[in-house]
Each structure stands twice: as C-alpha cells, then as structure tokens.
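Listed below, chain by chain, are the residues.
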Amino acid sequence: MATTGRKKSKTKKKAAVPIKDRIQNKIQDKKFRTWWGMFFILISLLLFIAFSSSVSTWKDDQDIIDLNWFDYLFNSSASSENIAGKFGALLSYIFVYKWFGIASFLFTFLFFLIGLKLLNAFKKPLLTITKNIFFSVFWLSVTFALIFNRKEDYDIIYGQFGFTMHEWIESIIGFFGEIIFLMITLTAFLMIVIDGFNHKMKGLFEKLFKNFKFSELFTGFKDEFIKEKKAAVKADKGIHKETDSKPELNKKTNERKIIIDLDDDDDDEILITEKKKYKLLDDGKKIENHDDLGFEIEQTNQKHNQIKEEDEKEDETIQEYIDKELNKIQYGKLALDVTHNHDVMSESIENNVFRNYDPTLDLSNFVLPDIDLLEDHHAGNPEVGKDELIRNKNRIVETLKDYKIDIQKIKATIGPTLTLYEIVPAPGVRISKIKNLEDDIALSLAAHGIRIIAPMPGRGTIGIEVPNENPDIVSFKSLVKSAAFQDTKMELPIALGKTISNEAYVFDLVKMPHMLVAGATGQGKSVGLNAIIASILYKKHPAQVKFVLVDPKKVELTLYQQLEHHYLATLPNAKEPIITDNHEVVHTVNSLNIEMDNRYQLLKKAQTRNIKEYNAKFTARKLNPEKGHKYLPYIILVIDEFADLIMTAGKEIELPIARLAQLARAIGIHLIVATQRPSTNIITGVIKANFPSRVAFRVASMIDSRTILDSPGANRLIGRGDMLITQGSDLIRLQCAFIDTPELEKITQYISQQQAYPMPFFLPEPETDSDDEFGETDLESRDELFNEAAKIIVMNQQGSTSMIQRKLSIGYNRAGRIVDQLEAAGIVGPAKGSKPRDVYVSDEYSLESILNSLP
C-alpha cells in the first residue's frame, strides 16, 4: 500500500527560497563564518597597531593627508611614518583624528569580539556589548575634549568630533552644566549596565539626605514602567484583557492561558496565550507474528516521545523579561525597617516588600548551558531486525520446551541496548523452574548479559533481557531534550539514562537522598558521575547548588576546576578547588559536618523542618539576615574513589560520612560516593544502611553484586554503561547516558566565561585537635617511660601505639600520650589512620643524640 501511495503522489516543484532565508543560511555556513571571523580578527589587530603608532606619528602624516587623502593613498612617492603603512595612517586619521580620538581603540575590541563570535568562540550576545561600546566612545570623546581642549597638540586625544560636540554642549548649558550632564549620563549608563549599582546609589543618597525619602522617587517610575510594558506586550503579542485569572488549557489547540499580574490592581491583568510547541515523533509500531504463541514486537524506540521544540533565537518569555526588568526597580517599594527582637520580620514590614528575594540576582546575567554544546552520538537507533527477534524467540521457546515448560504468549519490547522478552507461562509452571534456566538460555542464545526477571512487577509475566546485536548509544543530549527533563519541577533533577522501554529516566536527588555507585574499571562509572554533575549544571543556577568534588585519582574530575567561582565549595585555605589529598578530604568532610550543624541551628530558629521550607521563608523576606539567616544552597559531595579513602583514612572518613548520610538530608547536603571495589571491607554495613539508593555497573562476581545491591544481577550486565539502580525496592535496568570529555570541556568553558562570584563558596573551618599538631606537646614533662618507648620504636621500626601498650604493659591513653611526645620530638611521624606511623630515626646511636638534646 505504501508503494502504490508513493506512485500516486504528484511531484511538486521546489519553491524558490526567500532571500532572507538564503542570507540566514549563508551566515550559518561554517566556512563563511570561519573566513569572516578571521577577517574581523585581523582587522582588529591592524587597527590596534595603526592607532598605537598614530599616537606618536600623527603630526608627520596629518599635513599630507589633509591636502588630498586619495592622492596620498595611491601616490607611490608619498611615504608614511605609521607602522601599518599609508592605509593604517589613513584609518588612524579618520578614526582617531577626525572622529573620536583615543576612544577609537574600543572599536578594535569590538571587531575582535565579532570575529570570535563568528568563530563560535564567544557565546554572549553582541548587541548589548556593541551599544555599550558606542556609548563609551561618544562619552569618552566629549569628556576628553572637555578636559584637554585648552592644551596644544592634544587633538589626537579627543578627535574633531569630540571637540565639536563639546563646543556645542558648552554653548547651550555652559562649562559646569556640561560637567553635570556628563556625570548624569555616566551614572545612568552604570545603573543600566552594572547590576545593583542603582541600589548603591540609592543608599548613598539616603545617607547624604536622611530626611529625603529616595524610595518615593522610584514609585512613579515603576508605575510608568508597568504601563509601558503592558502597552508593549499588547502591541507585540496581541494580548487582550480577561477577567478569569485561572490558567486554562485548550486540549484541542494545545494552548495554555497564563495570567501575569503586574501590579496590585485586581481589575487590571494581562492575559497571555502561550502555544506550547511540541514535536511528536513517529507513532509506535507493532509488528505481529501470527503463530500459535501470538508473538508481538513493540518498537519502543519510537514510542510517542514528546520533545520540546528548541527556540534558536534565544527569545525570553514575557514573564522572564518582566521579572528581569522589575528586578532593576524593585527597590521602589523596598523599605526594610528590621526589628531587633525577633528573627521573623513583622507583618507590616512583610507587606511593604515589593518582591521576594531572588538569590540569583548576584549573577542575574548567568545563562545555563546551551543544548547545542552536546553531541548526538548516533542517537538514531539502529534497527533491530525482525529476523533477529524471531530467531531469539524461537531459541527461548525451544530451550523452555526442552525442560518441558510450556508458554502461552511471548512479547518483545525493543530498547536501546536490550530487548525484553516477556513470556506468559502455562498454568501449573513454577516460576523458580524458569529462573534456574538463566545459564541455559544464555547458552542457547550465545549471548552474555542475559537476565531473568521472575516475575515482572505489576505485569504478571516473566521477563528475559537479551542484549541486541547492534546496541545503540544513549546520548546525554537526548535526555536533556526530553520532556521528562525539560518540564520537570524537581529540586535536583538527574537524567541518568534510558530504561528498557526507551524512556528517559529522571529522578530527584533530594528524594534519593544519597547515592552509592559501584562498578569495575572501564564499565562506565566515571561517565555516570559526569552525567549526574552535568544534569545539575543544565538545570540549576550557581546560587542554588554547590559541589564538593573529591578525586583521589587526580584525573577524573579535573575538568570542573574552571567552575571554582561558580559551582564549587572549598575550605578557605584549600590549595586546589578539586580535593585530591586524602588528608584534606578528612578536613573537608568534618567541615561539612560543621556546616550541617550550623544549618540545623538556622532551621531551628526559623521554625522550619527542611531546607526547602527554610529557603521559601527566606525568599519571602520573613527571616532577618541580621540574625544570621541566609539563603542556603544545596551542597553535593561527590567522591570518585571511596575505596582509596577507606584504605588510607579508615574510621576517620567512614564515621563523618556516615553521620552526613544519616542527618544531612533535611538541610540540603547530599552524597554521591563511587568505588570500583564493592567489597564488604569498603562498603561496610554502616555505609550501606545510610545509602538506600545504589547504582551498580558491571562487576566481576555475584558476591560484589550482592554487596552493592543485596541481590545478584550486576555480574550479568554487558558493560559499557549497562547498569542497575535500586531505591530500596525493585531493580531497574538502565543504559547510562554517554557524555564525552569534549562535551564537558565545552560546558565548563561556557560557564567559566560568564560572570562569576569573586570567590568560591567557603565551608567553615574544621576543628582540629591541638595535640595532633607538631610542637604542641610539652616535652619538658615527658613520661617516665619515654626513653624506653623510643628505643622500642626504633628497634622495631614501627610507630604503633598498641605495640607500646603491649611491650610496656600500660594503658592505651598513656601509650597515646607517649606517641604524641615521640612525634613532637621528631622520632615518629604524624598519624596515618589505621596504618602505623613512620619512624624517622634509623638506629640507636641517632636516637641517643636526639634524647640528649631534649630539655
């Protein structure tokens, strides 16, 4: 039927492409952008060299150019003192002497940015930067003319244009009027460009004029602003008034009505009709095989996935635009007369607040990473042939018949890397009998990674998972574009992979609340961690979440160093933003415990139960910052190799991590711990009890699978991102999303190029025992057994407290004090967790000289 339909279809002539579209396609051409990008960069360098040279040579070239610049340029006998030649001298004459003076140097910067933009090396929009540069050029030119016009040979500084504008302004408002005019324009420019500058100016004026209510000055401006925005919205979007204030959804046209109330007038609202655009993929197809079993194949890789259509023009929604503009004038009604007797502000003050507190205002221009930074990685699913499906079905049926197991129906569900065969056994067949045939079915299919789910939860069938011959790669981009991730309202959404039915698996880290990740080397564990971190970077503002990254291997998480001033939290004296030293890890985890206790104190004062309620109360301006209250970002501790920490630090790291896992959920501190050795001495009972959410990539043995998941299955995975995840109940098999190193580099570079905080998010200083520091122990009051203990340590070359305790028959506390004194004397080294201390003295002769030198 499809073939005949194609024969009947008439061929249509291709419509002529409009000129506008042709120009746009040409601009998007990579080759075109590369050539023009290099052109603008070279022009900017040429202009910079020419302008710099003209500062000292402009007089020599000016007289000749003034006569006839055309003859000067094409006359071979004419010469130039400019380094850039006659062409550079002519450009300098026009830009610097005739027009704007030395302010013309800003044009070189503008051309350079245009070149970088065409080469896709600069991500920020150029329109705002261009307007700022043009204003700066005009303002500097006139200002320099005002300052230097009465001095000789300073024409090069302000240019003829600046001098002409200066004379015209001075003739109208006078010399002092011109000074005031320039100051006002500069102040207005800074108020527009620099966030928070208008608030600083407001505070300055209120200090100078205490009786003058400066806030009233903004009230009228706010009202006028709202009226203008309403008129603009109505004119641009065709908006009409509507009395009904409830959002409505028209199911037929897929339109949603949104009410935005811009002021306090109940009868003056704006109705916005926003059409939600979705792209519906091909409908799910079913291929039926009419045999006695009713074999059915469901291709879920094309199953009604709704993906939001991307808006490449980067337009802001009306609500976001109005919120952003109102942030600039929000101080018009803001009058915080804070009470001094309560943590909670009075209701009268609360009612006077114009807007809720926005923690993202410090970086109001921050833009989340673009989806185009990610790669597809062959996201078009390779077809699983019908022959392969029928062949596997027949082998499963034959294997079961060999053991006298009859089935009534079998159905295949195709996933990205696996195909799930669901069978309905005949009445009287025991499930355990099929479960025991796992190895036999794997042998008949000649495939590894076979897993039997008996029974399937909520389906009444038995599932057999069989790897596809040509598995597909699940790209991280496909998860970010999915409706499940784009439309989520989770606090910390994580897009980890796709299920067997090819659905995006997105979960909330806040509800997990901690994750334990295990898997053998090379099975996708580090890629999974990167997908988790990247999910947060694509959804949350730097003010809302902070990462503490621990990388004992020193190479896995180094890409995130560029995010130090955006997303990372460190100790005040940390050498590097990524923690690689195990000794510093102990201090950092102890610091997080202090941060946890401090946050619980804030929650207690605010009478809230968790971080979500606390932040909601703070953003509603119900908490007094002068009483210590502040906005609390989520903190995520990521440890890439937990086994190395346990081997070196032992209980010093295990107990504080267990305490965080037990208590830190409510105050927004979450742990993601990964290891490649899921053995019982690494993942102890204390750790397992406090990490209900666990992720297992392929492991070597069933014992390791039971250690991490409390059940077998991880040892039968096929690797390369194949994983099992449990949240305390059933196991879910996923194909982990793949995100490559170049993609992470683009994301971190995109974020690092934007405005950042002046310093990282500092954690509190951890408390350290003074007895552990060198030189704190008093050597003048040494123990009576000090010399004998020193000889025992040197003879055995083992700095152990328990050995001194055994050899000298003394208590553990006294032996510990002796070891501290030996460390202060330089005989043994500092503590190394569960390992013995290093012995610095090699023989008794050297020991005698040290003992004799002690006081």
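To start, this report covers the structure provided alongside it. As the structure is a prediction and not an experimental result, all values here were calculated from the model.

Cut-off values and rules
Residue positions are counted from 1 within each chain, in the order its sequence is given. Confidence filtering applies because this is a predicted model: local features only for residues at pLDDT of at least 70, side-chain atom pairs given and counted only at 80 or more, and all residues used for totals across whole chains, interfaces and linings. Here the side-chain values reflect all heavy atoms present in the structure, with hydrogen atoms and water set aside. Strands here mean DSSP runs of E at least two residues long; helices mean DSSP runs of H or I at least four residues long; both are numbered from the N terminus. Throughout, exposure labels follow a simple rule: accessible area from a 1.4 Å probe, protein chains only, divided by the maximum for the residue type, with under 20% read as buried, over 50% as exposed, and the rest as partly exposed. Contact between two residues is taken to exist if any of their heavy atoms lie within 4.5 Å; hydrogens are not considered. Each accessible area is a Shrake-Rupley estimate made with a 1.4 Å probe; only the visible protein chains count as cover when residues are assessed. In this analysis, strands are considered paired if DSSP registers two or more bridges between them. The angle between two axes is taken between their N-to-C directions and runs from 0 to 180 degrees, where each axis is a line fitted to C-alpha atoms and a helix contributes only its stretch in contact. Criterion for a salt bridge: a side-chain nitrogen of Lys or Arg within 4 Å of a carboxyl oxygen of Asp or Glu. Only residues whose relative accessible area exceeds 30% and that form no salt bridge enter a patch; like-charged residues are grouped when within 9 Å of one another, and nonpolar side chains (Val, Leu, Ile, Met, Phe, Trp, Tyr) when within 5 Å. In what follows, roughly perpendicular refers to angles from 65 to 115 degrees, roughly parallel to angles under 35, roughly antiparallel to angles over 145, and oblique to any angle outside these ranges. Ten residues, namely Ala, Val, Leu, Ile, Met, Phe, Trp, Tyr, Cys and Pro, are considered nonpolar, four, namely Asp, Glu, Lys and Arg, are considered charged, and the remaining ones, Gly among them, are considered polar. Starting at the helix axis, one direction is taken to each C-beta atom, and the arc is that of these directions. N or O atoms closer than or at 3.5 Å make up a polar contact, with two conditions inside protein: a donor-capable atom paired with an acceptor-capable one, and, for residues adjacent in sequence, both atoms drawn from side chains. Handedness of a crossing is defined here by the sense of rotation of the near helix relative to the far one, left-handed for an anticlockwise turn of less than a right angle and right-handed for a clockwise turn. Centres within 6.5 Å make a pair out of two Phe, Tyr or Trp rings, where for Trp the six-membered ring is used; the pair is then stacked when the planes are under 30 degrees apart, edge-to-face when over 60, and tilted otherwise. Criterion for a charge above a ring: Arg CZ or Lys NZ at most 6 Å from the ring centre, at most 35 degrees from the ring normal.

**Remarks on the overall build of the protein**
For step 1, the next point in the chain: In terms of regular secondary structure, the protein is built from 29 helices and 22 strands.
For step 2, the next point in the chain: Across the 855 residues in the protein, those meeting the buried criterion constitute 45%.
For step 3, the next point in the chain: Here the analysis covers contacts within the protein between residues at least 6 apart in sequence; of these, 67% occur between residues at least 24 apart.
For step 4, the next point in the chain: Of the roughly 46200 Å² that the protein leaves accessible, carbon and sulfur atoms contribute 53%.

**A look at the environment of Val474**
For step 1, the next point in the chain: Mapped onto the elements, Val474 comes out in the loop between strand S11 (462–467) and helix H16 (476–481).
For step 2, the next point in the chain: By relative accessible area, which is 4% here, Val474 ends up buried.
For step 3, the next point in the chain: Note: C-alpha distance between Val474 and Ala504 (30 residues apart in sequence) is 9.8 Å.
For step 4, the next point in the chain: Leaving out residues up to four positions away in the same chain, Val474 has contacts with Pro416, Lys498, Gln735, Cys736, Ala737 and Phe738.

**Describing the sheet that holds strand S14 (residues 515–518)**
For step 1, the next point in the chain: Taken together, 9 strands build an open sheet; the order of strands is S13-S12-S21-S20-S19-S14-S18-S17-S15 and the sheet is mixed. One side of each edge strand has no neighbouring strand; the edge strands of this open sheet are strand S13 (504–508) and strand S15 (545–550). On average, each strand axis in the sheet is tilted by 30 degrees relative to the strand beside it, whichever way the strands run.
For step 2, the next point in the chain: In terms of strand pairing, S14 meets strand S18 (residues 669–675) through 4 bridges, oriented parallel.

**Some remarks on unusual backbone geometry**
For step 1, the next point in the chain: Across the junction of Ala454 and Pro455, the peptide omega takes the value -5 degrees, indicating a cis bond.
For step 2, the next point in the chain: Tracing the sequence through the fold places Pro455 in the loop between strand S10 (451–453) and S11.
For step 3, the next point in the chain: At the junction of Met512 and Pro513, the peptide bond is cis and its omega measures out at -10 degrees in the coordinates.
For step 4, the next point in the chain: Non-glycine residue Arg621 carries a positive phi angle of around 60 degrees.
For step 5, the next point in the chain: Within the secondary structure layout, Arg621 lies in the loop between helix H20 (611–619) and strand S17 (634–639).
For step 6, the next point in the chain: The residue Asp710 is not glycine, and still its phi comes out positive at about 65 degrees.
For step 7, the next point in the chain: Structurally, the position occupied by Asp710 is in the loop between helix H24 (702–709) and strand S20 (722–726).
For step 8, the next point in the chain: The exposure class of Asp710 is partly exposed, given its relative accessible area of 46%.

**Description of the side chain of Ser591**
For step 1, the next point in the chain: Take Ser591: it is sitting in helix H19 (residues 582–606).
For step 2, the next point in the chain: Taking relative accessible area as the criterion, Ser591 reaches 0% and is therefore assigned buried.
For step 3, the next point in the chain: The residues contacting Ser591, other than those within four sequence positions of it, are Leu571, Leu763, Pro764 and Pro766.

**Section: the pattern of salt bridges**
For step 1, the next point in the chain: On inspection of all chains with the given rule, the structure shows 19 salt bridges.
For step 2, the next point in the chain: Here Glu823 and Arg837 are joined by a salt bridge, their closest N and O atoms 2.8 Å apart. Here the residue Glu823 occupies a position in helix H28 (residues 812–824), and Arg837 occupies one in the loop between H28 and helix H29 (844–853), the gap between them amounting to 14 residues.
For step 3, the next point in the chain: Judged by relative accessible area, Glu823 falls into the buried class, the value being 9%.
For step 4, the next point in the chain: Three or more residues joined by partner-sharing salt bridges are found here, namely Arg451, Glu465, Asp722 and Arg733.

**Thoughts on a nonpolar patch on the surface**
For step 1, the next point in the chain: A contiguous nonpolar surface patch, about 360 Å² in accessible area, is contributed by Trp99, Phe134, Phe138 and Phe161.
For step 2, the next point in the chain: Structurally, Trp99 can be placed in helix H5 (residues 85–100).
For step 3, the next point in the chain: For Trp99, a relative accessible area of 38% puts it in the partly exposed group.

**Some thoughts on the packing of helix H21 (residues 642–649) against helix H22 (residues 651–663)**
For step 1, the next point in the chain: Between H21 and H22, the least distance of the axes is 6 Å, while the angle of their chain directions is 125 degrees. Judged by the angle between their axes, H21 and H22 are oblique. Only Lys651, Glu652, Ile653, Glu654 and Ile657 of H22 make contact with H21, whose side of the interface consists of Phe642, Leu645, Ile646 and Ala649.
For step 2, the next point in the chain: For the contact of H21 with H22, the per-class residue count stands at 6 nonpolar, no polar and 3 charged.

**Focus: H20**
For step 1, the next point in the chain: All of the buried residues along H20 are Ile611, Tyr614, Asn615, Phe618 and Thr619. In a view along the axis of H20, the buried residues occupy a sector of 125 degrees, so they form one face of it.
For step 2, the next point in the chain: In the core, the buried residues of H20 are packed alongside H19 and S17.
For step 3, the next point in the chain: Capping the start of H20, Asn610 holds a side-chain oxygen 3.2 Å from the backbone nitrogen of Lys612, two or three residues further along.
For step 4, the next point in the chain: Downstream of H20 by one or two residues, Arg621 has phi in the positive range, about 60 degrees.

**Digging into the packing of helix H13 (residues 386–402) against helix H15 (residues 438–445)**
For step 1, the next point in the chain: Running from amino to carboxyl end, H13 crosses H15 at an angle of 135 degrees, the nearest separation of the two axes being 9 Å. Put simply, H13 runs oblique to H15. Along this stretch, H13 crosses H15, giving a crossing that reads as right-handed. Along the contact surface, H13 presents Asn392, Arg395, Ile396, Thr399 and Leu400, while H15 presents Asp440, Ile441, Ser444 and Leu445.
For step 2, the next point in the chain: Its residues placed into classes, the contact of H13 with H15 shows 4 nonpolar, 3 polar and 2 charged.

**Focus on the packing of aromatic side chains**
For step 1, the next point in the chain: Throughout the structure, instances matching the rule amount to 23 aromatic pairs.
For step 2, the next point in the chain: Where Trp36 meets Phe39, the ring centres are 5.2 Å apart and the plane angle is 80 degrees; that geometry is what we call edge-to-face. Remark: Phe39 and Trp36 occur in helix H3 (residues 30–67); sequence separation between them is 3 residues, near one turn of the helix.
For step 3, the next point in the chain: Classification of Trp36 by relative accessible area gives partly exposed; the value is 39%.
For step 4, the next point in the chain: Ring centres of Phe135 and Phe189 lie 4.4 Å apart, and the angle between their planes is 20 degrees; on these two criteria the pair is classed as stacked. Here the residue Phe135 occupies a position in helix H7 (residues 126–148), and Phe189 occupies one in helix H8 (residues 155–193), the gap between them amounting to 54 residues.
For step 5, the next point in the chain: On the basis of relative accessibility, which here comes to 16%, the residue Phe189 falls in the buried class.
For step 6, the next point in the chain: Within the aromatic cluster, the residues linked to one another by ring pairs are Phe48, Phe51, Phe95, Trp99, Phe100, Phe105, Phe107, Phe134, Phe138 and Phe161.
For step 7, the next point in the chain: The ring of Phe485 carries the charged tip of Lys539 above its face, separated from the ring centre by 5.4 Å.

**As for the pairing of S20**
For step 1, the next point in the chain: Burial analysis of S20 places 5 of its 5 residues in the buried class, which makes it a mostly covered element.
For step 2, the next point in the chain: The side-chain alternation of S20 yields two buried faces, one formed by Asp722, Leu724 and Thr726 and the other by Met723 and Ile725.
For step 3, the next point in the chain: Where strand S19 (residues 693–696) and S20 come together, 3 bridges link them in antiparallel fashion. Paired with Arg694 across the bridge in S20 is Thr726.
For step 4, the next point in the chain: Sheet topology places S20 next to strand S21 (residues 731–736); 5 bridges connect them, and they run antiparallel. The residue bridging Met723 from the neighbouring strand is Leu734, located in S21.
For step 5, the next point in the chain: Hairpin connection of S20 to S21: 4 residues between the antiparallel strands, including Gly728 at a positive phi of 100 degrees.

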